[in-house]
Amino acid sequence: MCGRFTLVDLSQFTDLFPWIRPPEQFAPRYNIAPSQPILVAMGQQRGYGLGHVLWGLVPQWARDASGSSRMINARSETVADKPAFAAAFRYHRALVPASGFYEWKPTSRGKTPMYITRRDGKPIILAGMCDTWHDPAGGELHSGTILTTAASDDLRAVHDRMPVILEPQSAHRWLTTPPEKARDVLDLLRPAADGVLEMREVSPAVNSPAREGPELIAPALPPDDRPPNSPPSLFPV
């Protein structure tokens, strides 16, 4: 699955897709969590621009926005047919730029946060979808979700699911394929090839969504080298 990620250097993403308009302002993020704004690149209907949406999809037909916290991820195996996601998959596919993402590995010391990046140093391009919900007063809520698939062999020891990571040429197809041919991009929703990703243990401070800063992605000290008053390995996630 994908429940936390980072976006440190947006220029790496916009250099790959110069036709996608960047936002006027950008600040690095080291601990993006559900129910927070995420930056997404949207399709032709939004002018191929980058904008912020709430992380947690609220379908346009929802009675209220209370279910957004349960819709941060969409399973690629059912996304084309599941009512909660079918319209977004057809009409509002998006790219979610990231520098890396976190997963929690079971260890003898408890669940240990691991930071996962591309081995080649390139940005991670996540397959996402968006939708717009209108409240009774006429306001709009733009929200989004990240697609997941079965974990690659590299990540299976950490979690049995992983986000769908697109290569640049695949990302172009995902974003620009017209609604009537949406099912043609289902073949893109597969695990990353083995060897594409690498991971390292990082500080348990990332377990708190309130924490932010580059220290969160620094390699963790070995247990014997940690100060006596360092945080324990297991925090509520």
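Look up a bit, the structure's there.
Quantities reported herein were computed from a predicted structural model and do not represent experimental measurements.

1. Description of the overall build of the protein chain
So, step 1. Per the secondary structure count, the protein chain includes 3 helices and 12 strands.
So, step 2. The C-alpha atoms of the protein chain give 18 Å as radius of gyration, which agrees with the globular expectation for 237 residues (18 Å, within 12%).
So, step 3. Principal-axis analysis of the C-alpha atoms gives the protein chain an extent of 55 × 40 × 35 Å.
So, step 4. Nonlocal contacts in the protein chain, meaning residues at least 24 apart in sequence, comprise 69% of its contacts between residues at least 6 apart.
So, step 5. Surface accessibility of the protein chain: about 11500 Å² in total, with carbon and sulfur atoms responsible for 53%.
So, step 6. The distance from the centre of the 25 positive side-chain charges to the centre of the 25 negative ones in the protein chain is 4 Å.

2. Topic: the side chain of asparagine 31
So, step 1. Mapped onto the elements, asparagine 31 comes out in strand 2 (residues 29-32).
So, step 2. For asparagine 31, a relative accessible area of 0% translates into the label buried.
So, step 3. Excluding anything up to four places from it in sequence, asparagine 31 contacts Arg4, Phe5, Gln36, Tyr102, Val206, Ser208, Pro209, Arg211, Glu212 and Leu216.

3. Topic: the environment of glycine 128
So, step 1. In this structure, glycine 128 sits in strand 9 (residues 124-134).
So, step 2. Given the relative accessible area of 0%, glycine 128 is considered buried.
So, step 3. Here the alpha-carbon distance between glycine 128 and isoleucine 146, two residues 18 residues apart in the chain, equals 4.4 Å.

4. Brief notes about helix 3 (residues 168-176)
Every α-helix winds through 3.6 residues per turn, so residues three or four apart in the chain are directed the same way.
So, step 1. For helix 3, every residue scored as buried is listed here: Ser170, Ala171, Trp174 and Leu175. Down the axis of helix 3, the smallest arc covering the buried residues is 130 degrees, so these residues share one side.
So, step 2. Buried-residue contacts for helix 3 involve strand 3 (37-42), helix 2 (86-91), strand 6 (93-98), strand 9 and strand 10 (140-150).

5. With respect to the side chain of threonine 112
So, step 1. Mapped onto the elements of the fold, threonine 112 is located in strand 8 (residues 110-118).
So, step 2. Among the residues examined, threonine 112 registers a relative accessible area of 3% and is labelled buried.
So, step 3. Among the polar contacts made by the side chain of threonine 112, one reaches the side chain of threonine 107 at a distance of 3.1 Å.

6. Side note on the pattern of salt bridges
So, step 1. Considering all chains together, one arrives at 8 salt bridges under this definition.
So, step 2. The shortest N-O distance in the salt bridge between arginine 29 and glutamate 212 comes to 2.9 Å. One end of the pair, arginine 29, is in strand 2; the other, glutamate 212, is in the segment after strand 12 (197-201), with 183 residues separating them in the sequence.
So, step 3. According to the relative accessible area criterion, glutamate 212 is partly exposed, its value standing at 33%.
So, step 4. Between glutamate 77 and arginine 161 there is a salt bridge, with the nearest N and O atoms lying 2.8 Å from each other. With glutamate 77 in the loop between strand 5 (73-75) and helix 2 and arginine 161 in strand 11 (residues 161-163), this pair connects stretches of sequence that are 84 residues apart.
So, step 5. Three or more residues joined by partner-sharing salt bridges are found here, namely Arg118, Asp120 and Glu167.

7. Observations concerning the pairing of strand 9
So, step 1. Counting buried positions along strand 9 yields 10 of 11 residues, so the element is predominantly enclosed.
So, step 2. In terms of strand pairing, strand 6 meets strand 9 through 6 bridges, oriented antiparallel. When the bridges of strand 9 are listed, arginine 93 appears paired with methionine 129.
So, step 3. Where strand 9 meets strand 10, 7 bridges bridge the pair, whose relative direction is antiparallel.

8. Describing the pairing of strand 10
So, step 1. Here strand 4 (residues 50-55) runs beside strand 10; their pairing, made up of 2 bridges, is parallel. Looking at strand 10, one finds that tryptophan 55 is bridged to glycine 144.
So, step 2. Examined bridge by bridge, strand 5 and strand 10 share 3 bridges and lie parallel to one another. Paired with alanine 74 across the strands is leucine 147, a residue of strand 10.
So, step 3. The pairing of strand 10 with strand 11 spans 3 bridges and is antiparallel. Considered in strand 11, the bridge of alanine 150 is made with arginine 161.

Thresholds, definitions, all that
Residues numbered from 1 in each chain as written. Predicted model: local features only at pLDDT ≥ 70, side-chain atom pairs only at ≥ 80, totals over all residues. Heavy atoms only, no water. Helix = DSSP H or I, 4+ residues; strand = E, 2+ residues; numbered from the N terminus. Rg over C-alpha atoms; globule rule 2.2 N^0.38 Å. Contact = heavy atoms within 4.5 Å. Areas by Shrake-Rupley, 256 points an atom, 1.4 Å probe, with all protein chains shown as cover. Lys, Arg positive; Asp, Glu negative; His and termini not counted. Charge placed at Lys NZ, Arg CZ, Asp CG, Glu CD. Buried < 20%, exposed > 50% of the residue type's maximum accessible area, 1.4 Å probe, protein only. Arc of directions from axis to C-beta. Polar contact = N/O pair within 3.5 Å; in protein donor to acceptor, adjacent residues only side chain to side chain. Salt bridge = Lys/Arg side-chain N within 4 Å of Asp/Glu carboxyl O. Pairing = 2+ DSSP bridges.

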